[in-house]
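Coordinate analysis (summary)
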Amino acid sequence: MQNREARWFPNIIATPVSWYIISVYSANFVVKAPVGISVFLFSFLLVAFVSLATIVFQLNKAVRINPSDVMKSE
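Attention here is on the structure that accompanies the text. Note that the coordinates shown come from a computational prediction; the quantities given were computed from them, not determined experimentally.

Observations concerning the overall build of the protein
Of regular secondary structure, the protein possesses 3 helices and 0 strands. Relative to its full complement of 74 residues, the protein shows a buried share of 4%. As displayed, the protein has an accessible area near 7000 Å², and 71% of this comes from carbon and sulfur atoms.

Shown next, in the form of structure tokens:
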């Protein structure tokens, strides 16, 4: 359970803080782009996908290693 909490907690903290910083930064702009929840949701999903793809790639690479080849090289 701790891993699930550790995965969501930084996102819960970072989303309102980054929204506030973006709002303050763009307050004096003449043309403002709307910053909605979709921006944060898309970025979270993108990071989750890249992380999952990296883990799957590394696991696949580790599964294909022959243990006898590793022992011969040591």
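After that view, the rundown keeps rolling.
Things to note about the packing of aromatic side chains
Per the stated rule, a full pass over the model turns up 1 aromatic pair. Centre to centre, the rings of Tyr25 and Phe29 are 5.2 Å apart; their planes meet at 75°, and the pair counts as edge-to-face. What makes Tyr25 exposed here is its relative accessible area of 61%.

Considerations on a nonpolar patch on the surface
Judged by side-chain polarity, Trp8, Phe9, Ile12, Ile13, Val17, Trp19, Tyr20, Ile21, Ile22, Val24, Val35 and Val39 come together as a nonpolar surface patch covering roughly 1200 Å² of accessible area. The biggest single contributor to the nonpolar patch is helix H1 (residues 2-25), with 10 residues. Take Val35: it is sitting in the loop between H1 and helix H2 (37-63). Its relative accessible area of 31% is what places Val35 among the partly exposed residues.

Reading the values: the criteria
- Residues numbered from 1 in each chain as written.
- Predicted model: local features only at pLDDT ≥ 70, side-chain atom pairs only at ≥ 80, totals over all residues.
- Heavy atoms only, no water.
- Helix = DSSP H or I, 4+ residues; strand = E, 2+ residues; numbered from the N terminus.
- Buried < 20%, exposed > 50% of the residue type's maximum accessible area, 1.4 Å probe, protein only.
- Areas by Shrake-Rupley, 256 points an atom, 1.4 Å probe, with all protein chains shown as cover.
- Phe/Tyr/Trp six-rings, centres within 6.5 Å; stacked < 30°, edge-to-face > 60°.
- Patch = residues over 30% accessible without salt bridge, like charges linked within 9 Å, V, L, I, M, F, W, Y side chains within 5 Å.
- Salt bridge = Lys/Arg side-chain N within 4 Å of Asp/Glu carboxyl O.

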